[in-house]
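As a plain string of letters, each chain reads:
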Amino acid sequence: MFNEEKIVSIRKYLKLYTGGITIALAAFALFIIALGQDPITAYATMFYASMGSPGRLAGTLVKTIPLWLSGISVAIALYANFWNLGAEGQLYLGAVAYTGIGLFVSGIPAPLHLLIAFVTAFVIGSIWAFIPGVLKGYLNINEVVVTILSNYIVFLLVEYLVSGPWKDPVGFEPITYPINPALELPAVIPGTWLHSGIYIAIVFTIIAYIVIHKTTLGYEVRSVGVNPKAARRAGIKVARVIMLTSLLSGGIAGLAGAAEIGGVYHRLVRGISPGYGFFALIVALLVKSHPLAIPFAAFFLAIIFVGVDALQRTMGMPVGAVYALQAIMVICILIPEYLPKGRWKLWRGRSRP
Amino acid sequence: MAWEISPIIGVLEIAFKLSVPFTLLGIGQLVAQRSGVLDIGLEGTMLMGAVTGFLITYLTGDYVLGFLVAMLVGVIMGIFEAYLVVSLKIDQVLIGMMIWIFGIGMSTLIHKIFVGVRAALPIVTALPNIPIPLLSDIPIIGSILFNQNVMVYASYVLVLVIHLVIFKTTYGLKLRAVGENPKAADTLGINVELVRYLALVFSSALNGLGGAYMPLAETGTFTIGITGGRGWIALQLAAFGRWIPPLTFLGSLLFAIVEALAYRVQLVYKAIPYHFILMMPYIVVIITLIYIYKGVIPPTALGIPYKREEEK
């Protein structure tokens with residue numbers, strides 16, 4: 001699935017991209033018309049809501065951060081052909097860990113506190129991803145189902161914590177106590193929501209890029225992804241590479257969750273992620289996992305998130321439209337990428353040798 | 001110390017009732033995988049089937065129509081999925097995720113449009129049990145197997161019919177041939193793509209049907225995310241049953257028993273937070289995966305289907 005063709009075909013890539021996006025936008029416009037609304041107004045709303053003012057732009061960037069980080073997480077795993085569909089759960093677990101440190105640890109200097117919180121989030125997230133990683137590495141168990149099911153387990157855990165032992169008795173909703181103020185991430189631009197989680201994203205993007213493309217380990221990861229049998233024959237310890245990749249992937253996803261708590265919510269609530277971990281797969285696939293391109297794909301998806309959210313509020317577009325839209329867009333964008341080269345026939349019938 | 005039989009029977013009765021979605025999905029999956037493709041749009045198709053089936057039944061009062069529409073929805077999605085998987089050969093996991101996301105979004109959307117801001121949740125009466133005369137009077141087994149709703153009986157029939165079709169008919173032979181060695185099948189004149197299309201559409205239809213079963217026969221209403229991952233669980237059912245219908249049925253029973261036990265334990269041991277009990281089915285599934293994969297490596301002839309999409 002994952003070919004190593006370099007950026008040689010960037011022009012062709014952009015052509016496919018714009019073609020796909022155009023189709024997707026057209027499809028969405030039809031969708032809006034079907035719902036009885038005016039697509040021009042809709043698109044205008046989406047544009048202004050996501051980028052109409054510095055404050056709004058900051059808001060879009062805030063949504064970009066978790067998509068970005070979990071995008072890196074999934075991308076790293078994809079390089080080894082490990083489909084980490086548990087990023088959402090790892091994200092939440094990281095959030096749980098961060099909140100835990102925020103609730104139960106105190107009395108240490110703030111920088112150390114922050115460090116411990118993030119490290120714990122990373123570790124917990126990576127352990128959770130390690131389980132499917134080991135199962136794949138040693139037992140060759142396909143990671144798709146394991147990772148997907150692992151999400152449900154985490155959701156239940158969060159539900160438990162948020163309505164049970166960590167529940168804040170003030171108010172009716174299931175939310176936890178607020179975390180230690182030391183763990184609240186400062187704003188990058190004071191007065192906006194844009195929090196320093198973005199620094200974490202930048203740092204790990206660079207780390208990911210360097211590791212994947214400039215180190216031996218990265219080479220091994222990519223080799224395993226392209227052809228595990230050949231990699232094994234070349235002496236690469238495939239099982240170890242897969243497990244290590246899953247660890248890294250889970251850890252970064254955990255950081256995404258931690259950043260959401262530290263930068264946005266300051267406590268654990270049920271809905272810190274509207275599926276960032278799942279859309280991270282789209283982010284990664286849009287740019288074929290290339291770390292340096294991920295932020296852009298993440299930003300693009302964030303625009304859609306914010307835009308559709310605005311549509312919900314101003315035009316009464318129902319919840320769930322964002323998911324349907326995302327699915328349509330992805331298919332429209334990714335189909336051109338995956339069409340077999342040359343002729344494409346709908347119905348091949350008998351094959352030609 | 002007397003062993004209480006009745007709770008066990010109670011659990012089994014519920015388990016059989018809950019097994020239907022797993023059976024339907026598992027058998028569908030089995031057919032698809034036998035032809036060499038994974039039907040990975042399970043969860044999304046289930047959700048679409050659930051919401052449409054429920055709404056149709058709620059609006060018309062006709063259960064049959066509800067199930068039929070759900071199946072139709074499954075067929076439509078199956079055709080779409082087959083196009084993406086068989087003709088375009090896009091990576092299947094990606095397609096599965098897309099269909100899932102689409103299914104979540106679309107089903108939520110449809111649900112919101114129809115339910116809107118009504119104060120009361122729309123509810124339909126769950127399918128009633130219809131005891132089969134004579135058979136249901138057999139002690140123990142009778143009440144478990146033969147005092148169920150009509151879809152449960154349909155699932156028995158489905159398992160038998162599909163088993164016969166796969167192993168005793170020409171079509172079944174073609175199906176298996178395509179899954180084992182598509183190149184050879186092709187040279188024999190079998191239209192590989194058509195077989196796979198049909199298999200996927202059939203599987204999708206069953207997915208839609210299975211999805212509709214949940215609101216119509218289990219809970220009585222549609223809730224967002226009602227499927228709870230069952231689709232993904234069912235993905236493994238065919239492998240669990242080594243692609244043999246009756247064994248797959250046993251697998252679906254197993255998962256249904258776990259689910260039924262979870263509910264039971266919840267009721268009895270109220271001290272344990274229910275969240276942890278609800279985690280059990282997922283954990284059990286992950287553990288059974290170890291069993292499944294242990295047998296499949298080294299690849300038997302049945303292990304081949306998974307690589308099929310690269311061949312054709």
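Caption draft 1: Inspection of the overall build of chain B at higher detail. Helix and strand counts for chain B come out as 14 helices and two strands. Relative to the 2.2 N^0.38 estimate, which gives 20 Å for 312 residues, the radius of gyration of chain B is 20 Å and therefore close to what a compact globule would have. Dimensions along the principal axes, computed over C-alpha positions, put chain B at roughly 60 × 55 × 40 Å. Here chain B holds 312 residues, and the buried ones make up 57% of them. In chain B, the proportion of contacts linking residues at least 24 apart, taken out of those at least 6 apart, comes to 78%. For chain B, the exposed area adds up to about 12600 Å²; of that, 75% sits on carbon and sulfur atoms. Here chain B holds 18 positive side-chain charges and 16 negative ones, and the gap between their average locations is 3 Å.

Caption draft 2: Spatial organisation of the overall build of chain A. Across its full length, chain A carries 13 helices and zero strands. Going from N to C terminus, chain A has its helices and strands arranged as α-α-α-α-α-α-α-α-α-α-α-α-α. Relative to its full complement of 353 residues, chain A shows a buried share of 54%. Put simply, of all contacts in chain A between residues at least 6 apart along the chain, 75% involve residues at least 24 apart. By element, 68% of the accessible surface of chain A is carried by carbon and sulfur atoms, the whole surface being about 15200 Å².

Caption draft 3: The arrangement of the interface of chain A and chain B in detail. With 49 residues of chain A at the contact, the number on the chain B side is 50 residues. Here chain A meets chain B over a buried area of about 4500 Å², counting both sides, of which 81% is carbon and sulfur. Taken together, the links from chain A to chain B amount to one residue pair in polar contact (both at pLDDT 80 or more). The set of elements that each furnish at least two residues to the side of chain A that touches chain B consists of helix 5 (110-139), helix 6 (143-163), helix 11 (276-286) and helix 13 (321-338) of chain A.

Caption draft 4: Region of interest: helix 8 (residues 216-226) of chain A. Along helix 8 of chain A, the residues that are buried comprise A:Gly218, A:Val221, A:Arg222, A:Ser223, A:Val224 and A:Gly225. Of the surrounding secondary structure, the elements contacted by the buried residues of helix 8 of chain A are helix 3 (54-79), helix 7 (197-214), helix 9 (228-233) and helix 10 (238-265) of chain A.

Caption draft 5: A look at the nonpolar core. Core analysis: the largest hydrophobic core is formed by 205 residues, its most contacted members being A:Leu67, A:Tyr98, A:Leu149, A:Leu268, B:Met97 and B:Trp232. If sequence neighbours within four positions are ignored, A:Leu67 has contacts with A:Tyr276, A:Phe279, A:Val283, A:Ala298, A:Leu301, A:Ala302 and A:Phe305.

Caption draft 6: Highlighting the packing of aromatic side chains. A complete count under the given rule lists 19 aromatic pairs over all chains for this structure. Between B:Phe54 and B:Tyr58 the ring centres are 6.0 Å apart and the planes differ by 20°, which places this aromatic pair in the stacked class. Linking B:Phe54 with B:Tyr58, this pair stays in helix 2 (residues 42-60), spanning four residues, or about one helical turn. A residue is classified by how much of its surface remains accessible, and B:Phe54, at 0% relative accessible area, is buried. A network of ring pairs unites the aromatic residues A:Tyr92, A:Tyr152, A:Phe155 and B:Tyr282 as a single cluster.

Caption draft 7: Representation of the packing of helix 2 (residues 39-51) of chain A against helix 12 (residues 294-315) of chain A in the model. Residues and elements named next belong to chain A. In contact at an axis separation of 8 Å, helix 2 and helix 12 are set at 115° when each is read in the N-to-C sense. Between helix 2 and helix 12 lies a crossing whose hand is right-handed. Of helix 12, the residues touching helix 2 (which contributes Ala-42, Thr-45, Met-46, Ala-49, Ser-50 and Met-51) are Phe-299, Ile-303, Ile-304, Val-306, Gly-307, Val-308, Ala-310, Leu-311, Thr-314 and Met-315. Partitioning the contact of helix 2 with helix 12 into residue classes produces 12 nonpolar, four polar and no charged.

Caption draft 8: Up close: a nonpolar patch on the surface. A cluster of nonpolar residues, A:Leu112, A:Leu115, A:Ile116, A:Val119, A:Val123 and A:Ile127, forms a patch on the protein surface that exposes about 490 Å² of accessible area. Looking at the secondary structure, you find A:Leu112 in helix 5.

Caption draft 9: Looking closely at the confidence of the model for chain B. All names here are of chain B. For chain B, the mean per-residue pLDDT works out to 83, and 91% of the residues sit at or above 70. When pLDDT is averaged over each helix and strand of chain B, the minimum, 41, is found for helix 14 (residues 308-311) and the maximum, 93, for helix 6 (residues 150-168). Taken as a whole, residues 297-312 scores under 50 in pLDDT and shows 37 contacts with residues more than four places along the chain or in a different chain. The complex prediction reports pTM at 0.87, with the ipTM value standing at 0.85.

Caption draft 10: Local environment of the pattern of salt bridges. Residue and element names in this part refer to chain A. Enumeration according to the criterion identifies five salt bridges over all chains in this entry. For Glu-143, the salt bridge goes to Lys-136, with nearest N and O atoms at 3.3 Å. One salt bridge in this structure joins Arg-267 and Asp-168, with 3.2 Å as the shortest N-O distance. Separated by 99 residues along the polypeptide, Arg-267 in the loop between helix 10 and helix 11 and Asp-168 in the loop between helix 6 and helix 7 bring together distant segments of the chain.

Caption draft 11: Structural context of the side chain of B:Thr45. All names here are of chain B. Relative to the helices and strands, Thr-45 resides in helix 2. The class for Thr-45 is buried, based on a relative accessible area of 0%. Discounting chain neighbours no more than four positions away, the residues touching Thr-45 are Gly-74, Met-77, Ile-99, Ser-204, Asn-207 and Gly-208.

Caption draft 12: Summary view of the environment of B:Pro128. All names here are of chain B. By secondary structure assignment, the location of Pro-128 is in the loop between helix 4 (92-115) and strand 1 (130-131). Judged by its relative accessible area of 51%, Pro-128 is exposed. Along the chain, Pro-128 and Ala-256 lie 128 residues apart, while their C-alpha atoms are 19 Å from each other.

Caption draft 13: Fine view of the environment of B:Gly44. All names here are of chain B. Along the chain, Gly-44 turns up in helix 2. Separated by 163 residues in the primary sequence, Gly-44 and Asn-207 have C-alpha atoms spaced 8.9 Å apart. Once residues lying within four places of it in the same chain are set aside, the contact partners of Gly-44 are Met-77, Ile-99, Trp-100 and Gly-103.

Caption draft 14: Representation of the packing of helix 1 (residues 5-34) of chain B against helix 6 of chain B within the structure. All names here are of chain B. Axis separation between helix 1 and helix 6 bottoms out at 9 Å; the angle between their running directions is 20°. Taken together, the axis directions place helix 1 and helix 6 in an arrangement best described as roughly parallel. Crossing handedness for the pair helix 1 and helix 6: left-handed. Where helix 1 abuts helix 6, its residues Phe-16, Lys-17, Val-20, Thr-23, Leu-24, Ile-27, Leu-30, Val-31 and Arg-34 lie against Met-151, Val-152, Ser-155, Tyr-156, Leu-158, Val-159, Ile-162, Ile-166 and Phe-167.

Caption draft 15: Quick peek at unusual backbone geometry. Residues and elements named next belong to chain A. Positive phi values are uncommon outside glycine, yet Asn-81 reaches one of about 60°. Among the structural elements, Asn-81 can be located in the loop between helix 3 and helix 4 (87-104). Assessed through its relative accessible area of 28%, Asn-81 is described here as partly exposed.

Caption draft 16: How the structure looks around the side chain of A:Ser196. Within the secondary structure layout, A:Ser196 lies in the loop between helix 6 and helix 7. In contact with A:Ser196, other than residues within four places in its own chain, are A:Leu185, A:Pro186 and A:Val188.

Cut-offs and rules
Residues numbered from 1 in each chain as written. Chains lettered and ligands numbered in written order. Predicted model: local features only at pLDDT ≥ 70, side-chain atom pairs only at ≥ 80, totals over all residues. Heavy atoms only, no water. Helix = DSSP H or I, 4+ residues; strand = E, 2+ residues; numbered from the N terminus. Rg over C-alpha atoms; globule rule 2.2 N^0.38 Å. Buried < 20%, exposed > 50% of the residue type's maximum accessible area, 1.4 Å probe, protein only. Contact = heavy atoms within 4.5 Å. Areas by Shrake-Rupley, 256 points an atom, 1.4 Å probe, with all protein chains shown as cover. Lys, Arg positive; Asp, Glu negative; His and termini not counted. Charge placed at Lys NZ, Arg CZ, Asp CG, Glu CD. Buried area = accessible area lost by both parts, 1.4 Å probe. Polar contact = N/O pair within 3.5 Å; in protein donor to acceptor, adjacent residues only side chain to side chain. Core = buried A, V, L, I, M, F, W, Y, C linked by side-chain atoms within 4.5 Å. Phe/Tyr/Trp six-rings, centres within 6.5 Å; stacked < 30°, edge-to-face > 60°. Axes fitted to C-alpha atoms, helices over the stretch in contact; angles between N-to-C directions. Left-handed = near helix turned anticlockwise from the far one by under 90°. Nonpolar A, V, L, I, M, F, W, Y, C, P; charged D, E, K, R; others polar. Patch = residues over 30% accessible without salt bridge, like charges linked within 9 Å, V, L, I, M, F, W, Y side chains within 5 Å. Salt bridge = Lys/Arg side-chain N within 4 Å of Asp/Glu carboxyl O. pLDDT = per-residue confidence, 0-100. Parallel < 35°, antiparallel > 145°, perpendicular 65-115°, else oblique.

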